[in-house]
Amino acid sequence: MAPVVQRTAPIDVQVIGNVEAYETISVKSQIGGVLERVSIHEGDNVKKGDLLFTIDPRQLDAQVNQAEANLAHDNAALHQAQANLRRDVSQEKFARMQAQRYAQLFERKAVSKQEAEQFQTDADMRHETVSADEAAIETAKAAAAADQAALDNAKVQLGYTRIYSPVDGRTGNLNVKEGNVVKATDVELITILRLEPIYVTFAIPEDRLAEVRKQMSAGHKLMVTAYPEKDLDTGSETGELTFIDNSVDASTGAIKLKGTFPNRNRALWPGKYVRVTLRLGTVLNAVMVPTQAVQTGQDGAYVFVVKPDMTVESRPVTIGVRVQSDQVIETGLRPGETVVTEGHVRLVTGSHVSIRKSATGGGA
């Protein structure tokens, strides 16, 4: 027999989950060349910004130098065109003044018409020269801009010769050794997995989805506990539910969830299967009995209640959630009553019972 107890009962869902890396980075080269140096080892822990690989940069260094020289050449041509413009603007100004002066002298009949027209023609020619200088400046500016773009591109390409880690993580198998020739985006050099934080993916029955969504819609954080080892007493990792898939798997009737764990001690490892407990809440003042006390008949669940006169009564009950080895009873029992946990087969309502000592000295 066992007493009916009243206590706070956690509402847990226990399933098997799989650990996934928070980020998986496939490192590839963005340019071709000889892999000059590998700066890490397989299985190293790396930080964001750590140098991983160096590709022979000599050819790209030469391209950067060539682009810088072209830019300097076209900047010099631009300065020369600007100087020519300033010179020709001054000459045009002087030619305009001369043309106006000779036009006035022609009106006074002091010079011939041919002389006045000659100075006017010279002023017009100076104006066209200024226009040509302005066009030359625009051409030089365009050429300098093109050279600057080519230089920027060459520097970007040169930057690709040094490959850095984009995240904190742990390196995997090294696929290419020093001295080999690599091609752009051809071969995966190495894979980096981010382990802090880390995901645990698991699935729960679809009938629990409404409760999960209700809790999250209310702003409650649902805690997820992962047990890396088979023995639940060896330690656990606690995280938070952060993802609900957008559809239920029709073939299994389950929906995929993800919990995010800090994983500071790295007890969770990508690919590992773990026991997962999702806590959906607690039931306050829950009436509970051992699971083996609850029997199922044609009319539903029932228990045998032991009365003070040591007779039993078959009483229907409404069961709630199961908490490990105990069952929550929603209706039908009161705290302090006693129920039968073993020997139900020979019992009917009104049967007299006695407590039999087992071989180990325990009650039965």
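Residues numbered from 1 in each chain as written. Predicted model: local features only at pLDDT ≥ 70, side-chain atom pairs only at ≥ 80, totals over all residues. Heavy atoms only, no water.

1. Details of the overall build of the chain
- Regarding its fold elements, the chain presents 3 helices and 19 strands.
- At 43 Å, the chain has a C-alpha radius of gyration far larger than the 21 Å of a compact globule built from 364 residues.
- In terms of its C-alpha atoms, the chain occupies a principal-axis envelope of roughly 150 × 60 × 35 Å.
- The buried share among the 364 residues of the chain stands at 35%.
- Put simply, 74% of the contacts in the chain that link residues at least 6 apart link residues at least 24 apart.
- If you average the places of the 41 positive and of the 46 negative side-chain charges in the chain, the two averages end up 5 Å apart. (Helix = DSSP H or I, 4+ residues; strand = E, 2+ residues; numbered from the N terminus. Rg over C-alpha atoms; globule rule 2.2 N^0.38 Å. Buried < 20%, exposed > 50% of the residue type's maximum accessible area, 1.4 Å probe, protein only. Contact = heavy atoms within 4.5 Å. Lys, Arg positive; Asp, Glu negative; His and termini not counted. Charge placed at Lys NZ, Arg CZ, Asp CG, Glu CD.)

2. Examining the packing of helix H1 (residues 58–107) against helix H2 (residues 113–159)
- The interhelical angle for the contact between H1 and H2, taken along N-to-C directions, is 165°, at an axis separation of 7 Å. Comparing their axes, H2 and H1 come out roughly antiparallel. For the element pair H1 and H2, the recorded crossing hand is left-handed.
- Of the residues belonging to the contact of H1 with H2, the class tally is 26 nonpolar, 12 polar and 16 charged. (Axes fitted to C-alpha atoms, helices over the stretch in contact; angles between N-to-C directions. Parallel < 35°, antiparallel > 145°, perpendicular 65-115°, else oblique. Left-handed = near helix turned anticlockwise from the far one by under 90°. Nonpolar A, V, L, I, M, F, W, Y, C, P; charged D, E, K, R; others polar.)

3. Here's the deal with the side chain of Asn263
- Mapped onto the elements, Asn263 comes out in the loop between strand S12 (254–261) and strand S13 (273–290).
- At a separation of 3.2 Å, a polar atom in the side chain of Asn263 contacts the main-chain amide nitrogen of Ala267. (Polar contact = N/O pair within 3.5 Å; in protein donor to acceptor, adjacent residues only side chain to side chain.)

4. A word on the nonpolar core
- Residues Val200, Phe202, Ile204, Leu241, Leu268 and Leu278 are the most contacted members of the largest nonpolar core, which totals 23 residues.
- Of all elements in the fold, only strand S2 (5–28), strand S9 (188–205), helix H3 (209–217), strand S10 (223–227), S12 and S13 reach the threshold of two or more residues within this core.
- Per element, the largest residue contribution to this core is 5 residues, and it comes from S9.
- The residues contacting Ile204, other than those within four sequence positions of it, are Val13, Val212, Gly253, Ala254, Ile255, Leu257 and Leu278.
- Counting 19 residues, the second-largest nonpolar core is a separate cluster that includes Val38, Ile55, Leu60 and Ile192. (Core = buried A, V, L, I, M, F, W, Y, C linked by side-chain atoms within 4.5 Å.)

5. Quick word on the environment of Met216
- Along the chain, the position of Met216 falls in helix H3.
- The exposure class assigned to Met216 is partly exposed, which follows from its relative accessible area of 31%.
- Once the C-alpha coordinates of Met216 and Leu241 are considered, the two residues, 25 residues apart in sequence, prove to be 9.1 Å apart.
- Not counting the four nearest positions on each side in its chain, Met216 is found in contact with Leu222, Leu241 and Ile244.

6. Observations concerning H2
- For H2, which comprises 47 residues, the first-to-last C-alpha distance of 69 Å matches the rise-based estimate of 69 Å (1.5 Å per residue) to within 8%.
- Those residues of H2 that sit buried are Ala116, Ala123, Val130, Asp133, Ile137, Ala140, Ala144, Asp147, Leu151 and Ala154.
- Elements that come into contact with the buried residues of H2 comprise H1. (Expected span 1.5 Å × (residues − 1).)

7. Here we look at the environment of Pro166
- Looking at the element boundaries, Pro166 is found in the loop between strand S6 (162–164) and strand S7 (169–171).
- Looking at Pro166, the relative accessible area reads 37%, which means it is partly exposed.
- Along the chain, Pro166 and Gly235 lie 69 residues apart, while their C-alpha atoms are 32 Å from each other.

8. With respect to the sheet that holds strand S5 (residues 51–55)
- The strand order S6-S5-S3-S8 describes an open sheet built from 4 strands, whose pairing is antiparallel. At either end of the open sheet lies a strand with only one pairing partner, and these are S6 and strand S8 (181–182).
- Bridge count between strand S3 (residues 33–38) and S5: 3 bridges; the pairing is antiparallel. From the neighbouring strand, Arg37 faces S5, where its bridge partner is Thr54. (Pairing = 2+ DSSP bridges.)

9. Looking at the packing of aromatic side chains
- Tallying each qualifying case throughout the model produces 3 aromatic pairs.
- Here Tyr102 and Phe119 contribute two aromatic rings whose centre-to-centre distance is 3.9 Å and whose plane-to-plane angle is 20°, an arrangement assigned as stacked. Of this pair, Tyr102 sits in helix H1 while Phe119 sits in helix H2; the two residues are 17 residues apart in sequence, bridging distant segments of the chain.
- On the basis of relative accessibility, which here comes to 24%, the residue Phe119 falls in the partly exposed class.
- When the centroid spacing of 5.7 Å and the interplanar angle of 90° are considered together, the rings of Tyr302 and Phe304 count as edge-to-face.
- The class for Tyr302 is partly exposed, based on a relative accessible area of 22%.
- The class of Phe304 is buried, set by a relative accessible area of 5%.
- Seen from the ring of Phe106, Lys109 lies directly overhead, with NZ or CZ sitting 5.6 Å from the centre.
- Positioned over the ring face of Phe243 is Lys258, at 5.7 Å from the centre of the ring. (Phe/Tyr/Trp six-rings, centres within 6.5 Å; stacked < 30°, edge-to-face > 60°. Lys NZ or Arg CZ within 6 Å of the ring centre and 35° of its normal.)

10. Here's the deal with the side chain of Asp88
- Looking at where Asp88 falls in the secondary structure, it is placed in helix H1.
- Not counting residues within four places of it along the chain, the set of residues in contact with Asp88 comprises Thr129, Val130 and Asp133.

11. Brief notes about the confidence of the model for the chain
- Confidence along the chain averages 88 in pLDDT terms, with 96% of residues attaining 70 or more.
- Taken together, the stretch residues 358–364 has pLDDT below 50 and engages in 7 contacts with residues farther than four places along the chain or on a different chain. (pLDDT = per-residue confidence, 0-100.)

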